[in-house]
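Close look at the chain arrangement
Residue strings, one per chain:
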Amino acid sequence: SGATETIYSGKIRSGAPGRLTGGAVPVYRCENCRVIWHSPVAESDALYESDDYRASMGEAVTLPEFYRRHDGEILDKLNYTGTAVYRDKLFMDVGCGGGGYADYIRGAARGVILVEPNENFAAQLRGKGYEVFAYPGDALAKYANKVELITSYDVIEHVDDPQEFLRQVYGLLAPGGVAYIGTPTDYPVLRALLGAEFDAFVFSAQHPWVFSRKSLELMAAECRGGHCVRFYQRFGIGNLIAWLQTRLPKGEAEYGFVTPALNNLYKSEMAREETAEYLVLELRKE
């Protein structure tokens, strides 16, 4: 809790880049914990249970399409956790989409449980032999205090009540178990350089929350577990240059003068200075 300020008021992204809300959406920030939020914009669980959300992102709800779009993100996810934590563990991925990450972990883990509200993806994943729940709360009756490792990336910013989401994840953890919760920041460097033009992209109707280190730490403290928060820079310096050149999201844009050493220095400095674009909360059950 604390005083709030309005940091933006205008149209925001609704789905894929270029799609905007019909009207202005005020975006607020708590001056104490620095969490950023806006009021719900036509959001409901039904959006994620149906194919509407994926359609708004320009994605087909098929496993091959999901793998094509998202398998390239798996190395980043392994970087957040390291590779040694999965062996012989009961593992759960919350908000797994098409389950591409679970496919890579399945060979090492003792068991894999998936959480995915999209009914189409869930049916396809059950066809591959996975146990799938729609929401973490649905898994509590069977798996409370039993799951040794949980990952959840790019999910908590979508939920109506992130504190309750964390409580449910913590409730699933076995004693000594660990959850890794990843979420984007507000991309502070690009916001500083591009202003309201970038705000209209980075603030999203589907993301009612943008978390800070302090806001994640406060929520983790409510769960009474051990915790730490780390910053990661996923996109390289080419992405920054492309935004400045084109005012459009170009992903990992490549430039001949950007050497691997320069790119690695940029990423490590963004993380060290806590201006990077991604946060990972590590939450451990004592």
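See the structure above.
Every residue gets a number counted from 1 within its own chain, in the order that chain's sequence is written. This being a predicted model, a pLDDT of at least 70 is required before a residue's local features are given, and a value of 80 or more before pairs of side-chain atoms are given or counted; all residues contribute to the totals for chains, interfaces and linings. Side-chain measures here rest on the full set of heavy atoms in the structure, leaving out hydrogens and waters.

1. With respect to the layout of surface pockets
In this analysis the probe radius is 1.4 Å and the grid spacing 1 Å, with only protein atoms considered; a cavity is a set of points the probe fits into but cannot get out of, a pocket is an open set with protein on both sides within 12 Å along at least five of seven lines, and lining residues have an atom within 4 Å of a point. Grid points are joined across faces, edges and corners, and a volume is the space filled by probe spheres set on the points. Considering only enclosed or pocket space, the second largest pocket measures out at about 300 Å³ in volume. Contributing to the lining of the second largest pocket are 17 residues, with Arg34, Asp186, Pro188, Phe211 and Ser212 lying nearest its centre. In this text, helices come from DSSP runs of H or I with a minimum length of four residues, and strands from runs of E with a minimum of two, each type numbered from the N-terminal end. Elements represented by at least two residues in the lining of the second largest pocket include exactly helix H9 (188-194) and helix H11 (213-223).

2. Things to note about the packing of aromatic side chains
Only centres within 6.5 Å qualify two rings of Phe, Tyr or Trp (six-membered ring in Trp) as a pair; their planes then separate them into stacked at under 30 degrees, edge-to-face at over 60, and tilted for everything else. Applying the stated criterion to the full structure yields 17 aromatic pairs. Aromatic side chains Tyr101 and Tyr153 sit 6.2 Å apart centroid to centroid with 70° between the ring planes, which places their arrangement in the edge-to-face category. On the criterion of sequence distance, the pair formed by Tyr101 in helix H5 (residues 100-105) and Tyr153 in strand E7 (residues 147-153) is long-range, its members being 52 residues apart. Both residues of the pair, Tyr101 and Tyr153, belong to the buried class. Whether a residue is buried, partly exposed or exposed follows from its accessible area with a 1.4 Å probe, protein chains only, as a fraction of its type maximum: under 20%, in between, or over 50%, in that order.

3. Description of the packing of helix H7 (residues 136-143) against helix H8 (residues 162-172)
Axes are the key here: two packed helices are described by the angle between their axes and the distance separating the axes. Packing of H7 against H8 brings their axes to within 9 Å, and their N-to-C directions diverge by 25°. The angle between H7 and H8 places the two elements in the roughly parallel class. Seen along the crossing, H7 lies across H8 with a hand that is left-handed. For the pair H7 and H8, contact is made by Pro136, Gly137, Ala139, Leu140 and Tyr143 and by Phe165, Gln168, Gly171 and Leu172, respectively. Polar here means any residue outside two lists: the nonpolar Ala, Val, Leu, Ile, Met, Phe, Trp, Tyr, Cys and Pro, and the charged Asp, Glu, Lys and Arg; Gly therefore counts as polar. Considering only residue class, the contact of H7 with H8 consists of six nonpolar, three polar and no charged. Each axis is a line fitted through C-alpha atoms, taken for helices only over the stretch in contact, and angles between the N-to-C directions span 0 to 180 degrees. Each angle gets one of four labels, with under 35 degrees taken as roughly parallel, over 145 as roughly antiparallel, 65 to 115 as roughly perpendicular, and the rest as oblique. Left-handed describes a crossing in which the near helix is turned anticlockwise from the far one by less than a right angle; the clockwise case is right-handed. Throughout, a contact is declared for two residues whenever any of their heavy atoms are within 4.5 Å.

4. A short note on the sheet that holds strand E8 (residues 173-184)
Whether two strands pair comes down to DSSP finding at least two bridges between them. Spatial strand order, E6-E5-E4-E7-E8-E11-E10: seven strands in an open sheet with mixed pairing. At either end of the open sheet lies a strand with only one pairing partner, and these are strand E6 (131-133) and strand E10 (226-232). Each neighbouring strand pair of the sheet contributes to a mean axis angle of 15°, computed without reference to strand direction. Note: E7 against E8, six bridges, orientation parallel. The residue bridging Ile150 from the neighbouring strand is Ala179, located in E8. Each of E8, E10 and strand E11 (278-284) touches H11; the most contacted strand, E10, lies at about 160° to it.

5. Here we look at the pattern of salt bridges
We define a salt bridge as a side-chain nitrogen of Lys or Arg found within 4 Å of a carboxyl oxygen belonging to Asp or Glu. Going through the model one piece at a time under the given rule, you end up with 18 salt bridges. Notably, a salt bridge pairs Asp186 with Arg191, separated by 2.9 Å at the nearest N-O pair. With relative accessibility at 13%, the residue Asp186 sits in the buried group. Arg191 gets classed as buried once you look at its relative accessible area, which sits at 15%. Between Asp199 and Arg191 there is a salt bridge, and its shortest N-O distance comes to 2.6 Å. Here Asp199 matches Arg191 in class, with each residue buried. A network of salt bridges, in which partner residues are shared, links Glu65, Arg68 and Arg69.

6. Notes on helix H13 (residues 260-272)
Here H13 is 13 residues long and its end C-alpha atoms lie 18 Å apart, about the 18 Å a rise of 1.5 Å per residue gives. Residues of H13 that are buried sit in contact with H9 and helix H12 (237-246). Phi turns positive one or two residues past the end of H13, at Glu274, with a value near 60°. Expected helix span is given by 1.5 Å per residue-to-residue step, counting one fewer step than there are residues.

7. Re H12
Of all ten residues in H12, seven are buried, a share of seventy percent or more. Buried within H12 are the following residues: Ile237, Gly238, Asn239, Leu240, Ile241, Ala242 and Trp243.

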